[in-house]
Amino acid sequence: MKQQTNINPLAAFNNEVHRAYFKLLKETEKLIATLQQHELRCTLQQQDNTPISVFSKVHELVSPLLYLSLQCCDGERLSIKFGFEQGGDDYRFSHITAKFLRMLYKCTASENTTVDIEDCIHTDYIIVNCSELYECIEDAHHKLHTFKLIKHRSTATQRKRMLSVA
């Protein structure tokens, strides 16, 4: 872990959390892009460009399978909240949710950041019904969220499978 100098510790922490979150968001969107089902690549996203204030939501991604949010929770400290759809007996998407969790903790690990932000991950509540949350926001025509369809991108394994069939 590298140390930054001449910067307010709170500002350094928030900058690093912000950087890690948007890196994770980009990786999460790439992960969602590998899903073949159109409905699972639909997302609702909320972006707040106003200055960070107590209990403000900076960004939120809601999909039927994954949830990710950057919020100001503890005074002026940024926090990352997350969730994933519980599959019950259906394990079809467990590789996606497991990879998402690994990415979450890798992006915030002290070995990968200039400031120790490992405690920015909040586990006080974890969304486990992402599809219900997505439907609730969609049905309410929530004006704060914007619909974004993530374009499908085949993985190398999916491409190989397609070539072997042809």
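Preceding this section is the structure that the text describes.
What comes next concerns the included structure. (Residues numbered from 1 in each chain as written. Predicted model: local features only at pLDDT ≥ 70, side-chain atom pairs only at ≥ 80, totals over all residues. Heavy atoms only, no water.)

Time to look at the overall build of the protein chain. Helix and strand counts for the protein chain come out as four helices and five strands. Each helix and strand of the protein chain, placed in order from N terminus to C terminus, yields the pattern α-β-β-β-β-α-α-β-α. For the protein chain, the residues scored as buried account for 43% of the 166 residues in total. Long-range pairs, those at least 24 residues apart, make up 65% of the contacts in the protein chain with a sequence separation of at least 6. Surface accessibility of the protein chain: about 9900 Å² in total, with carbon and sulfur atoms responsible for 54%. (Helix = DSSP H or I, 4+ residues; strand = E, 2+ residues; numbered from the N terminus. Buried < 20%, exposed > 50% of the residue type's maximum accessible area, 1.4 Å probe, protein only. Contact = heavy atoms within 4.5 Å. Areas by Shrake-Rupley, 256 points an atom, 1.4 Å probe, with all protein chains shown as cover.)

Moving on: the nonpolar core. If you look at soluble globular proteins, the nonpolar side chains tend to sit buried side by side. Core analysis: the biggest nonpolar cluster contains 34 residues, and Val17, Leu66, Leu68 and Ile80 have the highest contact counts within it. For this core, the secondary structure elements donating two or more residues are helix H1 (9–33), strand S2 (57–62), strand S3 (66–74), strand S4 (77–84) and helix H2 (94–107). Per element, the largest residue contribution to this core is ten residues, and it comes from H1. If near-sequence neighbours (up to four positions away) are discounted, Ile80 is found in contact with Val17, Tyr21, Leu68, Ser69, Leu70, Leu104, Thr108, Cys120, Ile121 and His122. With eight residues, the next largest nonpolar core counts Cys42, Val62, Ile127 and Tyr134 among its residues. (Core = buried A, V, L, I, M, F, W, Y, C linked by side-chain atoms within 4.5 Å.)

This brings us to the sheet that holds strand S5 (residues 146–149). Reading across the sheet, the five strands line up as S4-S3-S2-S1-S5 and stay open at both edges, with antiparallel pairing between neighbours. On the outer flanks of this sheet lie S4 and S5, each paired with one strand and no other. The sheet shows a mean angle of 20 degrees between the axes of neighbouring strands, taken without regard to direction. As paired strands, strand S1 (residues 42–47) and S2 are joined by four bridges and run antiparallel to one another. What sits directly across from Gln47, in S2, is His59. Most of the contacts of H1 go to S3, to which it runs at about 170 degrees, and overall it touches S1, S2, S3, S4 and S5. Taken strand by strand, helix H3 (residues 130–139) contacts S1, S2, S3, S4 and S5, and its axis lies near 70 degrees from that of S1. (Pairing = 2+ DSSP bridges. Axes fitted to C-alpha atoms, helices over the stretch in contact; angles between N-to-C directions.)

Taken as a whole, this structure holds two aromatic pairs when the rule is applied. Taking 5.1 Å as the distance between ring centres and 85 degrees as the angle between the ring planes, the aromatic pair formed by Tyr21 and Phe22 counts as edge-to-face. For Tyr21, a relative accessible area of 0% puts it in the buried group. Both rings, one in Phe82 and one in Tyr105, keep their centres 6.4 Å apart while their planes meet at 80 degrees; by these two values the pair is edge-to-face. (Phe/Tyr/Trp six-rings, centres within 6.5 Å; stacked < 30°, edge-to-face > 60°.)

Here the focus is the pairing of S3. Of all nine residues that make up S3, eight are buried, and the element is covered over most of its length. Alignment of S2 against S3, held across five bridges, turns out to be antiparallel. Among the inter-strand pairings, Glu60 is bridged to a residue of S3, identified as Ser69. In this structure, the hairpin formed by S3 and S4 is closed by a connection of two residues, where Gly75 is found at a positive phi of approximately 70 degrees.

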